[in-house]
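Close look at the chain arrangement
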Amino acid sequence: MKKCITILSLMLSLLLTACGTTSHTSLSSVSDQDITPNSSPAVLQKSMSQPLTEFDSIEIDVLAADIEVIPGEDWSVSYNLSEKEPLQRFGVEDGTLYFKTDFDPKKYFDSLGDWFVTITVPKEAVMTSVNLNTISGNIEAQGFSCDSASCNSTSGTVNVSDIAAKKIDMASISGDIATCDISSELLQANTTSSNLNLSGTFGTLNINTVSGKSTICGNISDNGQISSVSGDISLSTNHPVAIDAHSISTITVNGQSTRGSLTTTDGIPVQFQSVSGKISIQTNSQQNLYV
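Residues numbered from 1 in each chain as written. Predicted model: local features only at pLDDT ≥ 70, side-chain atom pairs only at ≥ 80, totals over all residues. Heavy atoms only, no water.

**Concerning the overall build of the chain**
A count of helices and strands for the chain gives 1 helix and 20 strands. Out of the 291 residues in the chain, the part that is buried amounts to 42%. Counting every atom, the chain has about 14500 Å² of accessible surface; 52% of that belongs to carbon and sulfur. (Helix = DSSP H or I, 4+ residues; strand = E, 2+ residues; numbered from the N terminus. Buried < 20%, exposed > 50% of the residue type's maximum accessible area, 1.4 Å probe, protein only. Areas by Shrake-Rupley, 256 points an atom, 1.4 Å probe, with all protein chains shown as cover.)

**As for the confidence of the model for the chain**
Per-residue confidence for the chain averages 84 on the pLDDT scale, and 79% of its residues sit at or above 70. Every residue in residues 1–43 scores below 50 in pLDDT, and together they form 28 contacts with partners more than four places removed in sequence or on other chains. (pLDDT = per-residue confidence, 0-100. Contact = heavy atoms within 4.5 Å.)

**Focus: the nonpolar core**
Grouped burial of nonpolar side chains is what soluble globular proteins tend to show. Among the nonpolar cores identified, the biggest contains 63 residues, and Ile119, Leu132 and Phe272 are the most heavily contacted of them. If sequence neighbours within four positions are ignored, Leu132 has contacts with Ile58, Ile60, Ile67, Val69, Ile139, Ala141, Ser150, Cys151 and Asn152. (Core = buried A, V, L, I, M, F, W, Y, C linked by side-chain atoms within 4.5 Å.)

**Topic: the packing of aromatic side chains**
Tallied over the full model, the rule gives 4 aromatic pairs. Consider the rings of Phe55 and Trp75, whose centres lie 4.7 Å apart with planes at 65°: the pair is edge-to-face. Pair noted here: Phe55 is in the loop between β1 (47–51) and β2 (57–61) and Trp75 is in the loop between β3 (66–72) and β4 (76–80), with a separation of 20 residues, a long-range link. Classification of Trp75 by relative accessible area gives buried; the value is 15%. (Phe/Tyr/Trp six-rings, centres within 6.5 Å; stacked < 30°, edge-to-face > 60°.)

**Describing the pairing of strand β17 (residues 256–264)**
Across 8 bridges, the pairing between strand β16 (residues 241–253) and β17 is antiparallel. What sits directly across from Asp244, in β17, is Thr263. Counting the residues between successive antiparallel strands, the hairpin from β16 to β17 contains 2 residues, one of them, Asn254, with a positive phi of roughly 50°. (Pairing = 2+ DSSP bridges.)

**What about the environment of Ile177?**
Relative to the helices and strands, Ile177 resides in strand β11 (residues 177–180). Put simply, Ile177 and Asn190 are 13 residues apart on the chain and 8.7 Å apart in space, counted from C-alpha to C-alpha.

**Overview of the pairing of strand β5 (residues 87–93)**
Sheet topology note: the β5/strand β6 (residues 96–101) ladder contains 6 bridges and is antiparallel. Following the sheet pairing, Gly91 is matched in β6 by Tyr98.

**What about the environment of Trp115?**
As for its placement among the helices and strands, Trp115 is situated in the loop between β6 and β7 (116–122). For Trp115, a relative accessible area of 13% corresponds to the buried category. Residues Trp115 and Glu85 lie 30 residues apart in sequence; the distance between their C-alpha atoms is 9.9 Å.

**As for a nonpolar patch on the surface**
Taken together, the side chains of Val210, Val229, Ile248 and Val275 present a nonpolar region at the surface, about 340 Å² in accessible area. When you line up the elements, Val210 lands in the loop between β13 (196–209) and β14 (214–228). With relative accessibility at 38%, the residue Val210 sits in the partly exposed group. (Patch = residues over 30% accessible without salt bridge, like charges linked within 9 Å, V, L, I, M, F, W, Y side chains within 5 Å. Salt bridge = Lys/Arg side-chain N within 4 Å of Asp/Glu carboxyl O.)

This is how it looks when you write it as structure tokens:
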């Protein structure tokens, strides 16, 4: 009996010693003070907010999170990620902010939740490149200037506003694409089944859709190519345009309609191509039509 008591006492002593000297820290228990932008993925927590050092480029690749790049007072980041989408790379390296998550698109992912990454840059910041990529999240970018901007989402919406850029690329398969008060020497937008609603001033405009409706309001200073398979196309501009339009549906320019093909002269060259969608063009001057 005394031997059994001795053994139990020894086991209890070992157990208490282990509990007192061993700690286990989960990702969710790591505080903001315990994490830095260059921490390894093993200790990066799924939710955080902190200031950043200045950068001139942004590279973001996520799966289920919304992406925002918005103006503010300083350079900072805040995010909330699903536990099924761990943060793989985060930090400012050689002037570029990297934010990339680790995921396998072939596996189940958690799209239901308030997942987001928000980057704040000073108002009217000037950057070299901004590349934003998400699969199921929405994208919103506003309030900065850059040489090039790329915004891509598979099923989320893409909204770009108050941006001046030499080149802007926007793409979404099933999410709507919209711009407001932008200036771009080259704007390229591509979508499959969603709508385009573009407003701003453009040098060259390249638009491609399959079944979505394209609505463009603004001036084109160089040239434009707008094409769709079955979606309607609408352009409203203050400048005269030299139109080359083709569709089996109705083509209307300043209230005058025809079918098949229509051309005008004396203006910025813009090509419109739709298989079965309607084409509507409104300019601020009367133009001669050649059917």
